[in-house]
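Letter by letter, the chains look like this.
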Amino acid sequence: MTDSEYMQLALELAQKGAGWTAPNPMVGAVIVKQGSIIGSGYHQRCGELHAERNALAACTQSPRGATMYVTLEPCCHYGKTPPCTDAIIQAGIQRVVIGSSDPNPLVAGQGIEILRQHGITVTQGVLRDACDKLNQVFFHYIRHQTPYVVMKYAMTMDGKLATRTGQSKWITGEPARQRVQQDRHRYTAIMVGVGTVLADDPMLTCRLPDCKNPVRIICDTHLRTPLQSRIVQSAAKVPTIIATACTNQQQTAPYQQAGCQVLTVPEQNNHIDLTALMSALGRQGIDSLLLEGGGTLNWSALQAGIVHKVQAYLAPKLFGGAAALSPIAGLGVERPDACVRLTPPQITILGNDILLESEVLSCSQES
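Residues numbered from 1 in each chain as written. Predicted model: local features only at pLDDT ≥ 70, side-chain atom pairs only at ≥ 80, totals over all residues. Heavy atoms only, no water.

Novice: Please explain the overall build of the protein as it appears in this structure.
Specialist: If you tally the helices and strands in the protein, you get 12 helices and 16 strands. Projected onto its principal axes, the C-alpha positions of the protein cover 65 × 45 × 40 Å. By the burial criterion, 50% of the 367 residues in the protein qualify as buried. Nonlocal contacts in the protein, meaning residues at least 24 apart in sequence, comprise 71% of its contacts between residues at least 6 apart. Accessible surface for the protein amounts to roughly 17200 Å². Of this, 50% is attributable to carbon and sulfur atoms. Counting 30 positive and 28 negative side-chain charges, the protein places the averaged centre of each group 5 Å from the other. (Helix = DSSP H or I, 4+ residues; strand = E, 2+ residues; numbered from the N terminus. Buried < 20%, exposed > 50% of the residue type's maximum accessible area, 1.4 Å probe, protein only. Contact = heavy atoms within 4.5 Å. Areas by Shrake-Rupley, 256 points an atom, 1.4 Å probe, with all protein chains shown as cover. Lys, Arg positive; Asp, Glu negative; His and termini not counted. Charge placed at Lys NZ, Arg CZ, Asp CG, Glu CD.)

Have a look at this one:
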């Protein structure tokens, strides 16, 4: 097998940590000696052993003289676990093949340098693009300290989120809805506007077995979320943040008593200042966010420049109706050349539906 093939195995292992490692990266490692895999592992949960140490612990024979394939540069600092570079050196690994460099200032090439200082051969950049893509969220968060935001919506082929009467269950089929649940597990938080709460009374939880629920965030400028809504009633069990401009303690107290965190955010143009909100969420360790809002919040998010990726689920249906809702509302742009530009989409077939995924080409958080 080639370096790329072994790295692909490490990538597949790393993906098993999706949803559990945040705010740490997903990492996989494979150890090869004399052409045979003798150990492998991945970072399973935040605070637990890193991929390199798990792979070393799984070795079926001595790793001395072996090659380690790891998707991300090994750490060289003390955090919740000791440095992986120490474990690699002590194990007698002869060569380390790395996919991505670690942008964390505590590592940032120092891990590679330490390995080389101890006589270990280091090869960099094997399947770099795939390894970088795996940790888009981690790379963004470590550099900007704000959440990586994915704007998600499902629509018909004539661009409708719902019928003219507001009904939307269900636009897409079961395979597409299953993918949404996987992303609710993968990303740290989910955010909607108060309009969605008033219209649908959603739970915004993950309904997969053996999954974690995302932190639920409601953008509610004037604190209109009903105290009897399912989100508020379940806030003691599922972390819930209400982002509001309301500072009246008599109004906020009942939400706090129900278990909600009330996060006071500045108001801008009669809406929550989304840029300020992202900074506040980043300070709380929220590294990623699935935006499942309606057209108004989606437009505001695009205008604020906080969206990094767009996920559009497209169903082979037509609803029609001039008044039927579309994914992005607001004023809209005046000219075609004033559009929000996206990368060519990655296309995934999910049953009868199509998922289009594109990166936003310019985001103010990264400018």
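Novice: Can you walk me through the sheet that holds strand 8 (residues 215–219) in this structure?
Specialist: For sheets, the rule is that strands pair by backbone hydrogen bonds, running either parallel or antiparallel. Read across the sheet, 9 strands follow the order 10-9-8-7-13-6-14-16-15 without closing on themselves; strand pairing throughout is mixed. Of all strands in the sheet, those with a lone pairing partner are strand 10 (261–264) and strand 15 (346–350), marking the two edges. Shown here is a sheet whose adjacent strand axes are inclined to one another by a mean of 25°, direction ignored. Pairing of strand 15 with strand 16 (residues 353–359) involves 5 bridges; the strand directions are antiparallel. Across the sheet, the residue bridging to T348 is L355, located in strand 16. Along the sheet face, helix 6 (residues 136–144) touches strand 6 (148–156), strand 13 (288–291), strand 14 (309–315) and strand 16 and points at about 135° away from the line of strand 6. (Pairing = 2+ DSSP bridges. Axes fitted to C-alpha atoms, helices over the stretch in contact; angles between N-to-C directions.)

Novice: Teacher, can you tell me more about the pairing of strand 2 (residues 36–42) here?
Specialist: Successive residues of a regular strand alternate their side chains across the two faces of the sheet. In this sheet, strand 2 lies alongside strand 1 (residues 28–33) in antiparallel orientation, the contact comprising 6 bridges. Residue pairing for strand 2: V32 is matched across the bridge by I37. Linking two consecutive strands that pair antiparallel, namely strand 1 and strand 2, is a turn of 2 residues; a positive phi of about 50° is found at Q34 within it.

Novice: Honestly, the layout of surface pockets in this entry has me stumped. Any pointers?
Specialist: To locate leftover empty space, one rolls a probe as large as a water molecule over the atoms. Here the largest pocket is characterised by a volume of approximately 1300 Å³. In this structure, the largest pocket is lined by 47 residues; those nearest its centre are T196, D200, E292, G293 and G294. Elements that contribute at least two residues to the lining of the largest pocket include exactly strand 6, helix 7 (174–186), strand 7 (189–193), helix 8 (194–200), strand 12 (271–272) and helix 12 (295–304). Broken down by class, the residue content of the lining of the largest pocket amounts to 20 nonpolar, 17 polar and 10 charged. Each pocket or cavity is described by its volume, and for the second largest pocket that value is around 840 Å³. Here the element with the most residues in the lining of the second largest pocket is helix 7; it accounts for 5 residues. Along the lines of polarity and charge, the residues of the lining of the second largest pocket split into 15 nonpolar, 15 polar and 8 charged. (1 Å grid on protein atoms, 1.4 Å probe; cavity = no way out; pocket = protein on both sides within 12 Å on 5 of 7 lines; lining within 4 Å. Points joined across faces, edges and corners; volume = space filled by probe spheres on them. Nonpolar A, V, L, I, M, F, W, Y, C, P; charged D, E, K, R; others polar.)

Novice: Teacher, can you tell me more about the sheet that holds strand 1 here?
Specialist: Pairing in this open sheet of 5 strands is mixed, and the strands run 2-1-3-4-5 from one edge to the other. The outermost strands of the open sheet, each flanked by one partner alone, are strand 2 and strand 5 (121–123). Neighbour-to-neighbour, the strand axes of this sheet turn through a mean angle of 20°, independent of strand direction.

Novice: I tried to follow the environment of L49 on my own but got confused; where do I start?
Specialist: Along the chain, L49 turns up in the loop between strand 2 and helix 2 (51–57). Residues L49 and P82, spaced 33 residues apart in sequence, show a C-alpha to C-alpha distance of 8.7 Å. Non-local contacts of L49, meaning those with residues more than four positions away in its chain, are made with H43, Q44, N54 and T81.

Novice: Please clarify how the environment of P175 should be interpreted in this entry.
Specialist: By the secondary structure assignment, P175 is in helix 7. Separated by 170 residues in the primary sequence, P175 and P345 place their C-alpha atoms 19 Å from one another. Aside from chain neighbours lying at most four places away, what touches P175 is L350 and G351.

Novice: Where do I start with the pattern of salt bridges in this structure?
Specialist: Close approach of charged atoms allows side chains of opposite charge to pair. Throughout the structure, instances matching the rule amount to 8 salt bridges. Residues E292 and K152 are paired through a salt bridge, measuring 3.8 Å at the closest nitrogen-oxygen approach. One end of the pair, E292, is in the loop between strand 13 and helix 12; the other, K152, is in strand 6, and 140 residues separate them in sequence. The class for K152 is buried, based on a relative accessible area of 15%. Across the salt bridge formed by D337 and R335, the nearest N and O atoms sit 2.9 Å from each other. Here the residues in one salt-bridge network are K152, R184 and E292, joined through shared partners. (Salt bridge = Lys/Arg side-chain N within 4 Å of Asp/Glu carboxyl O.)

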